[in-house]
Amino acid sequence: MKQIIFIPVLNAAAALSLLAFASSCAKVSIDKPNQAEQHIDFSTSVVTKAPVESSADMNEFAVWAAYYVDGTLDHKPMEGIRVYRRDGLWMYDDLQMWQEGDWHFEAFYPHPSVLEVSEIVEGKDAMGITFTAPKTEEQTGLEGLTIEYYYGPTASHDLMTDEYTRSYTAASPDASPVQFTFEHLLSRVGIAVKSTSNDVRLTSLVFKGMSVLGAYNTPGSQGQWQLLTSIPELSNVQPGSFTADLSDISAPLPSDGTAVDVLSDLLLIPQTPGDSENGLTPIVVEVSYTMGEAAPETRTLTLPSSTPWQPGRHYRYTITLGGSDVNLTVNIVDWNELSYSVEF
């Protein structure tokens, strides 16, 4: 019968009181102080203010591990194992022991099973991921986690990853938790609208043209995203399109220039808007509005290609209505805004 090990952690509410977006597989209590071999456990943190807002949002993640003896891969004791929360505790099945040698760990959030499908269909998120153990110095080539394809038409998943390497020796054993600090693989994009005139009413807004299919850390783009228009399981993938829900948007818009978010926290594959080299159409915002009793107007604004989307950055585009011209500006902020991170 498979053994399930329960690993206690600090109460999440206490961690949040320190503004720490932290979740931990804390010290394994069954280890004895003088025990030569100790169990492997993990400590993770999300040091960003992002769609993953707290430790309570991070219910599980996947871990891979490669174990080396004298520089040669011996085996992979962890193959995407699920580290998960139950009854407020973190746990994982089939507890592993530290052994003398070199260890390499990689983690991915969310657990890939969230995006695994038996058949890829248009409009439904899907992903394929593999792990290749890092090579020795004599062997070169692709290594680590590879996203063979990520199809994200809903732009709703926060993909994060990290890696960690440790040499474990019996003479000076280090059985402290493996520390993961997850980094974002996607870009965070939003659209806001503001008015400088009275009685401006937003009637519709559509954001479209971006690629929603790509691969990460593939032979052609190691450590980078590669945009795709098709994969064997899905051909002629259409660009993404997001229509704003205006039911909660004030009408008319505030006339003092206050920017109102109408599309927020879209998690999109890093790319350069309008990158013709990758066969992309321009990324545009189609906005319709009225001014007083005047007839409705519709404008199409093209995102500048001079502002490429990068992983872990937050892009907030603001459209200004109310004058003779409709303007679009972009504010780029560091998504990785540090909060307090604590270890227990």
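Procedures and definitions
- Residues numbered from 1 in each chain as written.
- Predicted model: local features only at pLDDT ≥ 70, side-chain atom pairs only at ≥ 80, totals over all residues.
- Heavy atoms only, no water.
- Helix = DSSP H or I, 4+ residues; strand = E, 2+ residues; numbered from the N terminus.
- Contact = heavy atoms within 4.5 Å.
- Areas by Shrake-Rupley, 256 points an atom, 1.4 Å probe, with all protein chains shown as cover.
- Buried < 20%, exposed > 50% of the residue type's maximum accessible area, 1.4 Å probe, protein only.
- Pairing = 2+ DSSP bridges.
- Core = buried A, V, L, I, M, F, W, Y, C linked by side-chain atoms within 4.5 Å.
- Polar contact = N/O pair within 3.5 Å; in protein donor to acceptor, adjacent residues only side chain to side chain.
- Axes fitted to C-alpha atoms, helices over the stretch in contact; angles between N-to-C directions.
- pLDDT = per-residue confidence, 0-100.
- Salt bridge = Lys/Arg side-chain N within 4 Å of Asp/Glu carboxyl O.
- Phe/Tyr/Trp six-rings, centres within 6.5 Å; stacked < 30°, edge-to-face > 60°.

Summing up its helical and strand segments, the protein has 1 helix and 22 strands in all. The long-range share in the protein, meaning contacts at least 24 apart out of those at least 6 apart in sequence, stands at 70%. For the protein, the accessible surface area stands at approximately 16500 Å², while carbon and sulfur atoms represent 48% of it.

For strand S8 (residues 126-132), a buried count of 5 out of 7 residues is recorded, marking the element as mostly surrounded by other parts of the structure. Summarising the sheet, S8 and strand S9 (residues 144-151) pair through 7 bridges and their orientation is antiparallel. Considered in S9, the bridge of methionine 127 is made with tyrosine 150.

What follows is about the nonpolar core. Formed by 42 residues in total, the largest nonpolar core has its most connected members in Leu205, Phe207 and Trp309. Of all elements in the fold, only S9, strand S13 (187-195), strand S14 (200-208), strand S15 (213-218), strand S18 (260-268), strand S19 (284-291) and strand S21 (313-321) reach the threshold of two or more residues within this core. Broken down by element, this core gets its largest block of residues, 5 residues, from S18. Among the nonpolar cores identified, the runner-up in size contains 23 residues, and Met58, Tyr67, Leu95 and Val178 belong to it.

Within the secondary structure, threonine 146 sits in strand S9. With relative accessibility at 6%, the residue threonine 146 sits in the buried group. Here asparagine 217 takes part through its backbone oxygen, which lies 3.0 Å from a polar atom of the side chain of threonine 146. With residues near it in sequence (within four places) discarded, threonine 146 still touches Gly128, Ile129, Thr130, Tyr216, Asn217 and Thr218.

To continue, consider the sheet that holds S8. Taken in spatial order, the 4 strands of this open sheet run S8-S9-S15-S16, and their pairing is antiparallel. The sheet terminates laterally at S8 and strand S16 (221-227), the two strands that pair on one side only. Going from strand to strand, the sheet's axes swing by 10 degrees on average, the running direction of each strand aside. The pairing of S15 with S16 spans 4 bridges and is antiparallel. Bridge assignment links alanine 215 to a residue of S16, and that residue is glutamine 226.

Another aspect to go through is the sheet that holds strand S17 (residues 241-243). Read from one edge of the open sheet, 4 strands run S17-S14-S19-S20, paired in antiparallel fashion. Both outer strands of the open sheet, S17 and strand S20 (297-302), are each paired with one neighbouring strand and no more. Each strand of the sheet is rotated relative to its neighbour by a mean of 20 degrees, with strand direction disregarded.

It is worth spelling out the confidence of the model for the protein at this point. For the protein, per-residue confidence averages 80 on the pLDDT scale, and residues scoring 70 or more make up 77% of the total. Within the model, the stretch residues 1-31 combines pLDDT values under 50 with 87 contacts to residues more than four positions away or in other chains. Note that pLDDT drops below 50 for residues 337-344; the model gives that stretch 22 contacts with residues more than four away or on any other chain.

Next up on the list: the pattern of salt bridges. On inspection of all chains with the given rule, the structure shows 8 salt bridges. Of the charged contacts in the structure, one is a salt bridge between aspartate 265 and arginine 188, with a shortest N-O distance of 2.6 Å. Note that aspartate 265 is positioned in strand S18 and arginine 188 in strand S13, a separation of 77 residues in sequence. Residue class for arginine 188 comes out buried when judged on its relative accessible area of 10%. Here arginine 201 makes a salt bridge to aspartate 199, at a shortest N to O gap of 3.2 Å. A relative accessible area of 35% means that arginine 201 is categorised as partly exposed.

Relative to the helices and strands, proline 270 is located in the loop between S18 and S19. The class of proline 270 is buried, set by a relative accessible area of 10%. Taking the C-alpha atoms as reference points, proline 270 and tryptophan 309, 39 residues apart in sequence, are found 4.9 Å from one another. Not counting residues within four places of it along the chain, the set of residues in contact with proline 270 comprises Leu185, Leu186, Ser187, Trp225, Leu227, Trp309, Gln310 and Pro311.

This next bit is on the packing of aromatic side chains. Scanning the entire structure with this criterion turns up 10 aromatic pairs. Ring plane angle 45 degrees and centroid distance 6.3 Å describe the contact between phenylalanine 180 and phenylalanine 182, whose orientation is recorded as tilted. For phenylalanine 180, a relative accessible area of 0% puts it in the buried group. Taken together, the aromatic side chains of Tyr67, Trp98, Trp103, Phe105 and Tyr168 make up a single cluster linked through ring pairs.

Tracing the chain through its elements places alanine 107 in strand S7 (residues 101-109). We classify alanine 107 as buried; its relative accessible area is 0%. Sequence-wise, alanine 107 and leucine 145 are 38 residues apart; in three dimensions their C-alpha atoms are separated by 8.6 Å. What alanine 107 contacts, discounting residues up to four positions off in sequence, is Phe61, Ala62, Val63, Leu145, Met160, Thr161, Asp162, Phe180 and Phe182.

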